[in-house]
Amino acid sequence: MIRALWRPPSALTAIGGFSVAIAVLSVVITASIVLLMPDPPAIRMTVADVAAALRGGEAGSLVLDRRVGRPPEGPPAPLLQKALARELHRPLSAVRVVWLDRIPGKRLDGGMVIYTSRGAFSPGKPLPVPAAPAGAVLVRRQGVMPMRMVLPGQQTEAIMSALVLKLPQPAFAAAILGADGRWLSVAPHQPLLGGWRLKVLAALAASLGVLAPLVWLFARRLTRPFRALATAIDEGRDPPQAQGPRELQEAAGAILQLRNRLAAESEERMRMLTAVAHDLRTPLTSLKLRIEAAPEPQRTRMIADADRMQAMIADVLDFARTIGAGRQSIAVRPLIADILADHPQVVLRDGPDVTVDSVEPDLRRAVENLVRNAIDYAGGGVIDVAKEAQAAVIRVIDAGPGIAREDRERLLRPFERGEASRSRDTGGVGLGLSIVSGFAKREGGELTLDDAPSGGLVVTLRLPL
């Protein structure tokens, strides 16, 4: 009861739910990596390195970009500007220093913490230093001990500049005014994939690495029923009805009903055709008996017409019986040799034997039709049997007038006659090639018509081994 009430999810539900889950998982993975990854190391530089770069030298291990043009813009760093001007022996007006890592609302003093006896006045929580004399200044790197004390009597501009000169600072840009009136600026090199950009790209790459296999597995799982349905239809089997989303199952059921309806209609038409052909035999036999009493030469022509009608009826009955008995392993070369025993006009060339799994009466009928066409239209021919790419290949080659390319596809349909150049003197109903083509399709093979190299026609029947 529960199984009967349960309905499989639709494709929209499956795809939509998976897409939402993937989007949520992607955001969670990306956010987790961005939050958990450590921040990229901050750029630290000294005034001494910047001074060396402005002189045209090397700035140690620091990579700086030089540029001529407008001076850099940003929050000024007066303490660093004084130290750089003293180091380069330039007036203060000819030097510019600005911060690049300015934090809004907080004061930066070049990475230094400057303490007085009243406490700290640079970033961070004020830390009183009761041991320092009144008016003394304590200087140290952020987070690094020990401090350096500068007493009130020693606090000259030269001493303070010397202290600042080699202290590592957060990123800043500096510029000096040249003799030509242009500013030469230096700033830390900032790569395109550095800092936060690298973190975001690493998070996206990790998300892609985690989600790509999940998406691939879901896509394969979702498309597997479609492939099974296509394979079943291509091989002539009933489509599976208990796989995949609800829309696919409904489509499979509709295809199955359509196949059953078409099969029933085809069977009804074939039954009617067989009945008509069979019922025509009785009046045709009576007509032939009456023809015997007709005078010559009308009697001979009437008998020929009756024989053509009888041949047409036989072709129709053979076409109706193309669905043969059970399948079995058949050696192709001995079967063809047995058929050609009564048709010396066609020669079987030497070659390897090939075995196929097929219905023996159907295969025999197909080869007989090809042999009879070669005899009727070209007076004979040759047959090659070979094995190519896991298929048995039967080629019937004749030297007749051939078939025009535009007529080949048409002549593979039932009751289609060839042009005048291919007409049979005894007539025909146009079922020979159509029977062979239908047999090849039922077996999963194909029938092709091509031009022979020396003129004529090459009819190729391919059957899976």
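Thresholds applied
Think of each chain on its own: its residues are numbered from 1, step by step along the sequence as written. Whole-chain, interface and lining totals are the exception, using all residues; otherwise, since this is a predicted model, local features are given only for residues with pLDDT of at least 70 and side-chain atom pairs are given and counted only at 80 or more. Note that the side-chain values use all heavy atoms of the structure and ignore hydrogens as well as water. Counting from the N terminus, the helices are DSSP H or I runs at least four residues long and the strands are E runs at least two residues long. Buried, partly exposed and exposed residues are distinguished by accessible area as a fraction of the type maximum, computed with a 1.4 Å probe on protein chains only: under 20%, between the cut-offs, and over 50%, respectively. Should any heavy atoms of two residues lie within 4.5 Å, those residues are considered in contact. Only the protein chains shown count as covering a residue, and every accessible area follows the Shrake-Rupley method with a 1.4 Å probe. Only residues whose relative accessible area exceeds 30% and that form no salt bridge are eligible for patches; like-charged ones are grouped when within 9 Å, while nonpolar side chains (Val, Leu, Ile, Met, Phe, Trp, Tyr) are grouped when within 5 Å. The rule for a salt bridge is simple: a side-chain nitrogen of Lys or Arg has to be within 4 Å of a carboxyl oxygen of Asp or Glu. A residue counts as positive if it is Lys or Arg and as negative if it is Asp or Glu; His and the chain ends are not included. Each charge is placed at NZ for Lys, CZ for Arg, CG for Asp and CD for Glu. Within this scheme, the nonpolar core is defined by two criteria: the residues are buried Ala, Val, Leu, Ile, Met, Phe, Trp, Tyr or Cys, and they are joined through side-chain atoms within 4.5 Å. The arc in question is traced by the directions running from the helix axis to the C-beta atoms. At least two DSSP bridges between two strands are needed for those strands to be called paired. Axis definition: a line fitted to C-alpha atoms, over the contacting stretch in the case of helices. Angles run 0 to 180 degrees between N-to-C directions. A helix is expected to span 1.5 Å for every residue after the first. Each aromatic pair joins two rings of Phe, Tyr and Trp (for Trp, the six-membered one) with centres within 6.5 Å, and gets the label stacked for planes under 30 degrees apart, edge-to-face for over 60, and tilted for any other angle. pLDDT is a residue-level measure of predictor confidence that goes from 0 to 100. A clockwise turn of the near helix away from the far one marks a right-handed crossing, whereas an anticlockwise turn of less than a right angle marks a left-handed crossing. Any residue outside Ala, Val, Leu, Ile, Met, Phe, Trp, Tyr, Cys, Pro, Asp, Glu, Lys and Arg is labelled polar, Gly included; the first ten of those are nonpolar and the last four are charged.

Another aspect to go through is the overall build of the protein chain. Helices and strands together make up the secondary structure of the protein chain, namely twelve helices and 15 strands. The 465 residues of the protein chain split such that 35% are buried. Sequence separation of at least 24 residues holds for 60% of the intrachain contacts in the protein chain that already meet a minimum separation of 6. Within the structure as shown, the protein chain displays about 27400 Å² of accessible surface, and the carbon and sulfur contribution to it stands at 60%.

Turning to unusual backbone geometry, a few remarks are in order. Omega for the peptide link from E296 to P297 comes to 0°, which places this bond in the cis form. Counting through the fold element by element, P297 comes out in the loop between α7 (246–291) and α8 (298–320). Of note in this structure, A389 is not a glycine but carries a positive phi near 50°. Topologically, A389 is positioned in the loop between β12 (381–387) and β13 (391–397).

Turning to a positive patch on the surface, a few remarks are in order. Together, R220, R221, R224 and R227 give the surface a local cluster of positive charge. Checked against the element boundaries, R227 lands in helix α6 (residues 196–234). The class of R227 is partly exposed, set by a relative accessible area of 38%.

Formed by 33 residues in total, the largest nonpolar core has its most connected members in I336, L363, V367, V371, I383, I394 and L461. Top contributing element to this core by residue count: helix α10 (residues 360–378), with seven residues. With residues up to four places along the chain from it excluded, the contact list for V367 reads I336, I339 and I394. M45, A53, L165 and A174 belong to the second largest nonpolar core, which has 23 residues in total.

Inspection of the secondary structure puts V459 in strand β15 (residues 457–464). A relative accessible area of 7% places V459 in the buried class. Setting aside its immediate chain neighbours within four residues, V459 contacts L370, I394, R395, V396, L447, T448 and L449.

Okay, helix α9 (residues 332–340) next. V332, R333, L335, I336, I339 and L340 are the residues of α9 that are buried. Take α9 and look down its axis: the buried residues cluster within an arc of 160°, on one side only. Close packing links the buried residues of α9 with β9 (328–331), β10 (346–348), β11 (355–358), α10, β12 and β13.

So, on to the sheet that holds strand β7 (residues 172–177). The four strands are arranged β1-β8-β7-β2 in an open sheet whose pairing can be described as antiparallel. In this open sheet, the two strands that pair with only one neighbour each are β1 (64–69) and β2 (95–99). Going across the sheet, the axis of each strand differs from the next one's by a mean of 20°, ignoring polarity. With four bridges joining them, β7 and strand β8 (residues 183–188) adopt antiparallel strand pairing. Opposite I176, over in β8, you have L184 as the bridge partner.

What follows deals with α10. The end-to-end C-alpha distance of α10, which contains 19 residues, comes to 27 Å, matching closely the 27 Å that a straight helix rising 1.5 Å per residue would cover. Residue G379 follows α10 closely and has a positive phi angle near 80°.

Our next topic: the packing of aromatic side chains. Given two aromatic rings, one states the distance between the centres and the angle between the planes to describe the pair. In the structure shown here, the tally under the stated rule is one aromatic pair. Seen from their ring centres, W99 and F172 are 6.2 Å apart, and the 80° between their planes marks the pair as edge-to-face. Pair noted here: W99 is in strand β2 and F172 is in strand β7, with a separation of 73 residues, a long-range link. An identical accessibility class is assigned to W99 and F172; each is buried.

This next bit is on the sheet that holds β13. Taken in spatial order, the five strands of this open sheet run β10-β12-β13-β15-β14, and their pairing is mixed. Two strands bound the open sheet, and with one partner strand each, they are β10 and β14 (446–451). Between one strand and the next, the sheet's axes are offset by a mean angle of 20°, whatever the strand orientation. In this structure, β13 lies alongside β15, joined through seven bridges in antiparallel fashion. Note that in β15 the partner of I397 across the bridge is V458. Where α10 meets the sheet, its contacts fall on β10, β12, β13 and β15, and the angle it forms with β13 comes to roughly 25°.

Attention now moves to the pairing of β8. Of the pairings in the sheet, the one linking β1 to β8 comprises six bridges and is antiparallel in character. Residue pairing across strands places G69 opposite W183, the latter belonging to β8. Here β7 folds back onto β8, and the loop between the two strands holds five residues, one of which, G181, carries a positive phi near 85°.

What follows concerns the confidence of the model for the protein chain. Of the residues in the protein chain, 75% reach a pLDDT of 70 or more, and the chain-wide mean stands at 75. Every residue in residues 420–427 is under pLDDT 50, and counting partners more than four places away or in other chains gives 14 contacts.

Under the defined criterion, the tally for this structure stands at twelve salt bridges. Ionic pairing is found between E446 and R462, a salt bridge with its closest N-O pair at 3.9 Å. Placement of E446 in strand β14 and of R462 in strand β15 is noted, with a sequence separation of 16 residues between them. A residue is classified by how much of its surface remains accessible, and E446, at 40% relative accessible area, is partly exposed. Classification of R462 by relative accessible area gives partly exposed; the value is 25%. Salt bridges sharing partners connect three or more residues here, namely E388, R395, E446 and R462.

As a further point, take the packing of α10 against helix α12 (residues 432–442). Interhelical geometry of α10 versus α12 gives an angle of 145° and a closest axis separation of 9 Å. For the pair α10 and α12, the crossing hand works out as left-handed. Across the interface between the two elements, D362, L363, R365, A366, N369, L370 and N373 from α10 touch G432, L433, I435, V436, F439 and R442 from α12. Class assignment for the residues of the contact of α10 with α12 results in seven nonpolar, three polar and three charged.

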